[in-house]
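Single-letter residue listing:
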Amino acid sequence: MKTSTETDKIYPAIFAMQQALEPIERTKTVKTGKYSFSYAPLDAIMDKIKPLFASNGLAVIQGVDADVLTTRLIHMSGQWVESETFLNRDHANMQGFGGEVTYKRRYALSALIGLVADDDNDAPAAKKGPVIGA
């Protein structure tokens, strides 16, 4: 994660926004052979956070540049916090690439603002292995 040199205005705004943020309904479900999970789609997340962003002087921009999705949370003071998410360019078609971008936009935005927008079902499926650094 990267930040502007100063963060004394953006961090309190993020804190205030998080305090006002209510749970987002998970209206979409993915079902595969072994598991299923529910999540809030990107448009529902944006609908919920836009008023909170506006009232706290925040905005978000996301852009794709080469193999990276950049998500930047901006405060009206000019301060910012951003993260980068690498993209897989090996898709059979643009629909596959577009799907990945939408998926990663949702995850990157949720992570950056501390939002839980999908079921946490990854941990049970994780394979047990040696603890690195232990």
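Definitions and cut-offs
- Residues numbered from 1 in each chain as written.
- Predicted model: local features only at pLDDT ≥ 70, side-chain atom pairs only at ≥ 80, totals over all residues.
- Heavy atoms only, no water.
- Helix = DSSP H or I, 4+ residues; strand = E, 2+ residues; numbered from the N terminus.
- Buried < 20%, exposed > 50% of the residue type's maximum accessible area, 1.4 Å probe, protein only.
- Contact = heavy atoms within 4.5 Å.
- Areas by Shrake-Rupley, 256 points an atom, 1.4 Å probe, with all protein chains shown as cover.
- Phe/Tyr/Trp six-rings, centres within 6.5 Å; stacked < 30°, edge-to-face > 60°.
- Lys NZ or Arg CZ within 6 Å of the ring centre and 35° of its normal.
- Pairing = 2+ DSSP bridges.
- Axes fitted to C-alpha atoms, helices over the stretch in contact; angles between N-to-C directions.
- Core = buried A, V, L, I, M, F, W, Y, C linked by side-chain atoms within 4.5 Å.
- Expected span 1.5 Å × (residues − 1).
- Bend = angle between axes of the 7 residues up to and from the residue.

A. Fine view of the overall build of the chain. A tally of regular secondary structure across the chain gives 4 helices and 6 strands. Listing every helix and strand of the chain by position from the N terminus yields β-α-β-β-α-β-β-β-α-α. Expressed as a percentage of its 134 residues, the buried residues of the chain come to 34%. Of the contacts made within the chain by residues no fewer than 6 positions apart, 52% connect residues no fewer than 24 positions apart. Taken as a whole, the chain presents about 8,800 Å² of accessible surface, with 54% of it coming from carbon and sulfur.

B. Focus on the packing of aromatic side chains. Overall, the coordinates contain 1 aromatic pair when judged by the stated rule. With 4.7 Å between their ring centres and 45 degrees between their planes, Tyr103 and Tyr107 make a pair best called tilted. Pair noted here: Tyr103 and Tyr107 are both in helix H3 (residues 94–113), with a separation of 4 residues, about one helical turn. Assessed through its relative accessible area of 31%, Tyr107 is described here as partly exposed. Against the face of Trp80 rests Arg72, its NZ or CZ located 3.7 Å from the ring centre.

C. Broad picture of the sheet that holds strand E5 (residues 68–75). Overall, antiparallel pairing links the 4 strands, which are arranged E1-E6-E5-E4 in an open sheet. Every other strand in the sheet has two partners, leaving strand E1 (2–3) and strand E4 (58–65) as the edge strands with one partner each. Along the sheet face, helix H2 (residues 42–55) touches E4 and E5 and points at about 125 degrees away from the line of E4.

D. Representation of the nonpolar core. Core analysis: the largest hydrophobic core is formed by 21 residues, its most contacted members being Ile45, Ile49, Phe53, Leu58, Leu73, Leu109 and Ile113. Those residues in contact with Leu109, other than ones at most four positions away along the chain, are Leu42, Ile45, Met46, Ile49, Val60, Gln62 and Thr71. Leu69, Leu87, Phe97 and Ala108 belong to the second largest nonpolar core, which has 5 residues in total.

E. Spatial organisation of H2. With 14 residues, H2 ought to run about 20 Å at 1.5 Å a step, and its terminal C-alpha atoms sit 20 Å apart, in line with that. Of all the bends found along H2, the most pronounced is centred on Ile49 and spans about 35 degrees, while Pro51, a proline, follows it within four residues. Listing the buried residues of H2 in full gives Leu42, Ile45, Met46, Ile49, Leu52 and Phe53. The inward-facing, buried residues of H2 contact helix H1 (10–20), E4, E5 and H3.

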